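Examining the three-dimensional arrangement
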Amino acid sequence: MKDEAATEGQLIHKPMNLRQRVAELKAAKAKLKRAEEALKESEKKYRLLLKNLPNIVYKGFKDWSIEFIDNKIELLTGYSMDEFNSRRMKWSDIIIKDDIGPAKEKFIQALKTDKSYVREYRIRNKYGNILWIQARGQIVCNENGDLEYVSGVFFDITERKRAEEMLKQSRDKLEKRFDERTIELLKLNKKLQYEIEERKEVENDLRKREAELEIQTNKLEELNAALRVLLERREEDKKELKENVL
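This structure is a prediction, so every number in the text was calculated from the model and none was measured.

All right, on to the overall build of the protein then. Within the protein, the secondary structure is distributed over 5 helices and 5 strands. Each helix and strand of the protein, placed in order from N terminus to C terminus, yields the pattern α-β-β-α-α-α-β-β-β-α. Considering only intrachain contacts with a sequence separation of at least 6, the fraction spanning at least 24 residues in the protein is 40%.

Right, dumping it as structure tokens:
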């Protein structure tokens, strides 16, 4: 009788436990659905934020293949997001060849230090235009220290580079004009120094001639004085001779 009573009790509690379990599952399912909706909303806001930002988010790999999460890359390069994400194109395909070496050096340096980098280089877009890119990246490695991927952003800095180039050209032009003016002033100064030296020589010659003239004048004055003395003596001799004759 006790066993029958226990069995009846279990049968009574079993539907109650089942209903409780179903309610818990429904609650868990509703919670999961809310979490999925919140995740979708968060992802939507994240993508909207990325869309409105001037930078382009990327995920890069060791072989220069790259992935994008929106099609802003097409506005920059002329190539669609799918062309890169499908691996039909690699990012190195559009980098100017002379800039690949320095870009690699920056990456290797970052790999040996804090795994982050900022590098600037040129790319050629689909229409043949050369653009300047600033790439900021964070290298992600696995537990063994092997490279898994790079997470980062691209910035189009073409206008800044053009402004810097214009500023450099203006500075170079001003420096050239300054150098030319300096050379002109040096030439003028040299000419003035030559004229000053020439004038000094002329003045020295004049002073020398004045000194010579003064000497000659003194000699003439001495000669004139001697002549006057002789003439006076002659006159006295003539007078004395005349008196003796008479």
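Quick look at the pattern of salt bridges now. Inspection of every chain in the model, using the stated rule, returns 12 salt bridges. We note a salt bridge from K161 to E120, for which the minimum N-O separation is 3.1 Å. Placement of the pair is K161 in helix α5 (residues 158-245) and E120 in strand β3 (residues 116-124), with a sequence separation of 41 residues. What emerges from the salt-bridge pattern is a single network uniting E120, R160, K161 and E164.

Attention now moves to a nonpolar patch on the surface. Taken together, the side chains of L185, L188, L192 and I196 make up a nonpolar region of the molecular surface, amounting to roughly 340 Å² of accessible area. Its location among the elements puts L185 in helix α5. Judged by relative accessible area, L185 falls into the partly exposed class, the value being 44%.

This paragraph deals with the nonpolar core. In terms of nonpolar packing, the biggest core is built from 26 residues, with Y58, F68, F84, W91, Y121, I123 and F154 touching the most fellow members. Y121 has contacts with W91, I95, D99, A103, L131, W132, I133, A135 and F154, leaving out every residue within four places of it along the chain.

On to unusual backbone geometry. Excluding glycine, residues mostly carry a negative phi; peptide bonds, for their part, are mostly trans. Notably, W64 is not glycine yet its phi reads approximately 75°, a positive angle. Its relative accessible area of 18% is what places W64 among the buried residues. One non-glycine residue, R87, lies in positive phi territory at about 70°. Position of R87 relative to the elements: it lies in the loop between α3 (81-85) and α4 (97-112). Assessed through its relative accessible area of 37%, R87 is described here as partly exposed.

Quick look at a negative patch on the surface now. On the surface, a cluster of negative charge is contributed by E195, E197, E198, E201 and D205. Looking at the secondary structure, you find D205 in helix α5. Judged by its relative accessible area of 43%, D205 falls in the partly exposed class.

Here β3 pairs with strand β4 (residues 130-141) via 9 bridges, running antiparallel. By the bridge assignment for β4, I123 is matched with L131. Once β3 ends, the chain turns through 5 residues before running back antiparallel as β4, passing G128 with a positive phi of about 90°. Looking at chain direction, β4 and strand β5 (residues 147-156) are connected through 9 bridges and run antiparallel. When the bridges of β5 are listed, G137 appears paired with G152.

Scoring rules and cut-offs
- Residues numbered from 1 in each chain as written.
- Predicted model: local features only at pLDDT ≥ 70, side-chain atom pairs only at ≥ 80, totals over all residues.
- Heavy atoms only, no water.
- Helix = DSSP H or I, 4+ residues; strand = E, 2+ residues; numbered from the N terminus.
- Contact = heavy atoms within 4.5 Å.
- Salt bridge = Lys/Arg side-chain N within 4 Å of Asp/Glu carboxyl O.
- Patch = residues over 30% accessible without salt bridge, like charges linked within 9 Å, V, L, I, M, F, W, Y side chains within 5 Å.
- Areas by Shrake-Rupley, 256 points an atom, 1.4 Å probe, with all protein chains shown as cover.
- Buried < 20%, exposed > 50% of the residue type's maximum accessible area, 1.4 Å probe, protein only.
- Core = buried A, V, L, I, M, F, W, Y, C linked by side-chain atoms within 4.5 Å.
- Lys, Arg positive; Asp, Glu negative; His and termini not counted.
- Charge placed at Lys NZ, Arg CZ, Asp CG, Glu CD.
- Pairing = 2+ DSSP bridges.

These figures come from the coordinates and say nothing about function on their own.
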